[in-house]
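Chain by chain, the residues:
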Amino acid sequence: MTKVFGYELKRLLTSGLFIAMLAVNAVFAWYVLTTEIIEGIAYTAPFSVWSSCAFIGKTLPIAIITVLLLQAGYYGKQQKRVEILTSAAPMTYAQTLLIRTGVLGVCFLIICLIDSLLGAVFFAAFFGYYGFGAFIFPALLEIIPCFVFAVGIGHIAGRLHGGLIYALLPTVFIAGFLGVTGAFDLFGGGFFFSYPMTLPVGVDGEPEFAINSVWLIARLIYLAAGAGVIFVCIAARPKIKRA
Amino acid sequence: MRFFSLYRVELRRLLLTKFIWLISALCLCSPLLGYTVYKPVIAEYYTAESMSDLYIGNPVLAGTAAGAVLWAVIAIVEGDRQRRSGTDILADSAAPPTAHSAAKTAALMTISAAVTLLCALAYIPFTAAKLEYLFDAGFYFMNFFAFMLPTWWISILFADGLYRITRRVELSAVLYAALAYMSYSRFAERNYFMQWLNPTIGAYSDGFPDIWFLRMGAYTRLVWLCIAAGAWAFSLICRRKYQKGLAGSFARGLKKVYLPVSTAALAVTGAVLWNVQPFVGNGGEEYDLEAEYEFMDNANAIAEPAATAEHFLKFDAVSGTLSGKSEYQLYNVVKGENVLRFNAGYKIKSITYGGEPVSFRTVKEDLNGQYDTYFVLPDKYGEKLIIEYGGFPTIPQCNMPHITTSIGSNYIRMRNTDIVPLLGSYIASGAYVEITLPADLVPFIDFEHKQLTDFTDNGDGTRTYGTTLEIDFIGDFVAGRYVTDKFSSDDYDFNFVYGDIYRSAVEEFDVRQTICDVFDYCTEHYGKPFYIDGGSFTLFQMSAITNGGYASPGMSTWLEGSISPNTLSDPNKGTNATEIFLHEMIHQWWGSVGMWFDDSDGVWSAEGLTVYSTYRLVKEKYGELYAKQYYVDNWMKYVEEQNRNFYNRHPEYLEKLPEHYREQISALNKSVNKYKRMPLMLLKAEELLGGEEQMDAVLKQIFSDYQKGEQYEFTYKEFLDYCGLTEEDLKLD
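The present account deals with the structure reproduced in this document.

Each value, and the rule that gives it
- Residues numbered from 1 in each chain as written.
- Chains lettered and ligands numbered in written order.
- Predicted model: local features only at pLDDT ≥ 70, side-chain atom pairs only at ≥ 80, totals over all residues.
- Heavy atoms only, no water.
- Helix = DSSP H or I, 4+ residues; strand = E, 2+ residues; numbered from the N terminus.
- Contact = heavy atoms within 4.5 Å.
- Areas by Shrake-Rupley, 256 points an atom, 1.4 Å probe, with all protein chains shown as cover.
- Buried area = accessible area lost by both parts, 1.4 Å probe.
- Salt bridge = Lys/Arg side-chain N within 4 Å of Asp/Glu carboxyl O.
- Polar contact = N/O pair within 3.5 Å; in protein donor to acceptor, adjacent residues only side chain to side chain.
- Nonpolar A, V, L, I, M, F, W, Y, C, P; charged D, E, K, R; others polar.
- Core = buried A, V, L, I, M, F, W, Y, C linked by side-chain atoms within 4.5 Å.
- Buried < 20%, exposed > 50% of the residue type's maximum accessible area, 1.4 Å probe, protein only.
- Pairing = 2+ DSSP bridges.
- Expected span 1.5 Å × (residues − 1).
- Lys, Arg positive; Asp, Glu negative; His and termini not counted.
- Patch = residues over 30% accessible without salt bridge, like charges linked within 9 Å, V, L, I, M, F, W, Y side chains within 5 Å.

1. Observations regarding the overall build of chain B
- Of the regular secondary structure elements, chain B holds 22 helices and 25 strands.
- On the principal axes, the C-alpha backbone points of chain B span a range of 95 × 70 × 60 Å.
- Sequence-distant contacts in chain B: of pairs separated by 6 or more residues, those separated by 24 or more amount to 75%.
- Accessible surface for chain B amounts to roughly 31,000 Å². Of this, 57% is attributable to carbon and sulfur atoms.

Take a look at the structure:
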């Protein structure tokens, strides 16, 4: 199983699509940093936790689009042609699905790490700020539910029809870039722009960072929904048509 | 010959495809976005959208961008079609692949051209009905064929090329999206030539149709067509062959020499055209006023008097160029290097002194859209210095996207060094100017906008006007189809100058009465301006393509949008162009030719007092609620944002930012201080003084004292003294 995981991971990491999309993600992340985050989100410092969360939220849609594009490969025509061969491997469908989810997760984490690294370079180079520890927990709360939910939806869409994953891309784009601002903002880009504006300002002139309970519940709902969808996919194992 | 037979086959095949009809139908609908959600024509708060912006500019640009994406989709899908069906190998063996690819792309481009024409025809009835008397069919069609069609072609070439290079639908789509994003990104925000998908239109004028943006649009499309065609030719080199990968196929593709040669030729042509573009200067984004003062100070320090200055100017409305000759009769020559300053778009053809040619060098460092030229005169006295020049005037980067200089058949507007050279070494006490321009344009000269009336008809559709100026400097020159209306209020005689096309609107909306209201209000509250000689006053309409307005003795400009049908028929609009019209009128009291203000502290300024007075007038005209919502609340919002801004709270971090970020923040702060913070401070002063009447009394006193010449640059401290208040009193919480 580890071998299959390693093989699948190598296959995705060395694909032209992943490398191209990694570059797109990195360029976009730097663009967000130097045009929006540099101004400081909701009048807070560019290196505040609010700004950091907004940065992650702004870059997540592109990362998720990358994951969906990679995921589409698992449900494409070429993959279906070799399905009969790969299904001969001594692995259950659940294992296959979890391996694929894990591989996509690693790809997603690599993208997030690259984005975060760029963020760290930006904060250090522009502002001499190095206190990145405070950014980690909120960032994990943002990215993990988002990934699980998106991949879950991607799996079920792919199972229904290979092309449906592509149809999800504009939805991700709209949800990510066209001004969703509430606690249920999947990516957090809109939420972290608007929510701190509603908070009282502290003595330092900035709202103190606090995780909003509704937002936290929304993250748990997304996490549970994504995991639930993956579970449904595993439970409803597809039948393989044999010639 | 093979190409044409393949082209016919491909065109017929495409026309039988349902998908192409769907895409064409969507393209026909795409301009609808421009009426609703996508309005790229730039309209700032001080300018109103013209009818041409709303019903030509926006729909055409929306159709251009949306249609381009749709044509890219079909180009990628069509590129993938044979590979998807596995017939690519058969097709390649049956037809020469390069000719086949070219035929396919040409067929798509032909269909897109037909769709562009249909699109233009489909929207004519609606546009003509909306624009009514302002509709110009030629201008309307030019927009479709200068912006929409070439952009669609560029998009097809890019998408087709990207697919051929990557051979992956999703990858070519992502790369195309990245290209499209580049066009919309902040990197392209001030670099108008990077905007391949979304060409720029700053603003259109209804009354004085100007083709400057069409000229630049067509030029940028040409640049990008070269680049896209280069990329497309490059993709032919990458076309997969002999079961090889990208690198192997590329190596073999290079053997067809005409492909790399045409790729390089097209790319180089695009790059050269980009580099030599005559439209936008490559100087700084902010106007460098200090450098202008420095030039003038130097000139005043060293300049020798000149006996006479004569300028002979000829406008070519078709090519948008000016050719001129300036002659100076000198007494003495300045030893060492002489300097003259010109619009960066002009080329100096020759400089002669006493009939002898003089060598010169132009330093191509763009300063506010101008270059300096240096020359040394021979040591002879009392000779004639003649400078011949000409070219297409450039718009300074700091002014874009507002067109400060344009030469067209409907409108000509030039300023300062766009017209005649600014000599740093010689000053003439006056000048004679001869100007040749289209016969149907009425010319006005200088900051006072004096109408030129003495002319000679040349018999070739042009007239030559002659006039004598009191100084050797032309601050402003405007020519258009103008009419002058003369009327009077209780105190004033107005010369109301406006575009002939607006004659019926002026009648219908009783614009004359509005003007009388403004002047009556300000005269009653602040007193009569001393500079209105004998009560006569000129109100001059500027084209909507220009930015803002100004006033000078006995004259105030006003914006075209103030009189556009949609502005004048919407009394509920907030801080709109009509109120800007009031604002500009009020500058006759505060700023410009009214009182001068010492604005060195960055807050106290003529703008602040003018905004406050506009608010008071609007409050009286439209009521307290309206004035609070559109003025006071708006000021408070901006001031609160300014106070909360991280860099204003922690200026130490400002130093760590790259310079252009610092400039952005500084420019924003200056603007908020002038237009938002100071009016709020004046409102506070009004409260502390006891109300509007008391405030008016103070302002009237100040204006009256200034009229007596007791003040020159009125300072904040002096204002506080008049009010009996302190700086602490007016500090905002």
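2. A closer look at the interface of chain A and chain B
- Tallying the contact residues gives 27 residues for chain A and 20 residues for chain B.
- Counting each side, the surface lost to burial between chain A and chain B is near 2,100 Å², with a carbon and sulfur contribution of 61%.
- The residue Arg649(B) makes a salt bridge to Glu206(A) at a minimum N-O spacing of 3.2 Å.
- Remark: the boundary between chain A and chain B carries 7 residue pairs in polar contact (both at pLDDT 80 or more).
- Sorting the residues of the side of chain A that touches chain B by element identifies α2 (16-35) and α6 (93-127) of chain A as the ones contributing at least two each.
- Ranked by residues supplied to the side of chain A that touches chain B, first place goes to α2(A) with 8 residues.
- Split by residue class, the side of chain A that touches chain B holds 19 nonpolar, 4 polar and 4 charged.

3. With respect to the nonpolar core
- Residues Trp71(B), Trp212(B), Phe519(B), Trp590(B) and Phe719(B) are the most contacted members of the largest nonpolar core, which totals 153 residues.
- Counting residues in hydrophobic clusters, the runner-up holds 84 residues, among them Ala63(A), Phe147(A), Ile165(A) and Trp215(A).

4. Side note on unusual backbone geometry
Residue and element names in this part refer to chain B.
- Backbone geometry places Glu132, a non-glycine residue, at a positive phi of 45°.
- Within the fold, Glu132 resides in the loop between α5 (97-131) and α6 (137-166).
- One non-glycine residue with positive phi stands out, namely Asn416, at about 40°.
- Along the chain, Asn416 turns up in the loop between β10 (411-415) and β11 (422-423).
- Given the relative accessible area of 26%, Asn416 is considered partly exposed.

5. Examining the sheet that holds strand β7 (residues 370-375) of chain B
- Pairing within the open sheet is antiparallel, and its 4 strands lie in the order β6-β7-β3-β11 (chain B). Each end of this open sheet is capped by a strand with a single partner; those strands are β6 (360-367) and β11 of chain B.

6. Considering α6(B)
All names here are of chain B.
- The terminal C-alpha atoms of α6, which comprises 30 residues, lie 43 Å apart, in line with the 44 Å expected from a rise of 1.5 Å per residue.
- Within α6, 23 of the 30 residues are buried, which leaves it mostly tucked inside the rest of the structure.
- The backbone nitrogen of Gly138 lies 3.1 Å from a side-chain oxygen of the residue at the head of α6, namely Asp136.
- Just downstream of α6 lies Arg167, where phi reads positive at about 55°.

7. What about the side chain of Asp210(B)?
- Assignment of secondary structure puts Asp210(B) in the loop between α7 (169-184) and α8 (212-237).
- Although Asp210(B) is buried, it makes no salt bridge; Arg215(B) carries the closest opposite charge, 6.2 Å away.

8. Some words on a nonpolar patch on the surface
All names here are of chain A.
- On the surface, a nonpolar cluster with roughly 680 Å² of combined accessible area is contributed by Ile136, Phe137, Leu140, Ile144, Ile211, Leu216, Leu220 and Leu223.
- Broken down by secondary-structure element, the contributors of at least two residues to the nonpolar patch are α7 (133-160) and α10 (213-235).
- Per element, the largest residue contribution to the nonpolar patch is 4 residues, and it comes from α7.
- Relative to the elements of secondary structure, Leu216 occurs in helix α10.

9. A word on the sheet that holds strand β15 (residues 450-451) of chain B
Residue and element names in this part refer to chain B.
- Spatially, β9-β10-β18-β14-β15 is the arrangement adopted by the 5 strands of the open sheet, whose pairing is antiparallel. Of all the strands in the sheet, the pair left with one neighbour each is β9 (406-407) and β15.
- In this sheet, strand β18 (residues 476-480) lies alongside strand β14 (residues 442-445) in antiparallel orientation, the contact comprising 4 bridges. Each bridged residue has a counterpart across the sheet, and for Phe444 the counterpart in β18 is Val478.

10. As for the pairing of β18(B)
Residue and element names in this part refer to chain B.
- Of all 5 residues that make up β18, 5 are buried, and the element is covered over most of its length.
- As paired strands, β10 and β18 are joined by 5 bridges and run antiparallel to one another. Bridged to Tyr411 within β18 is Gly480.

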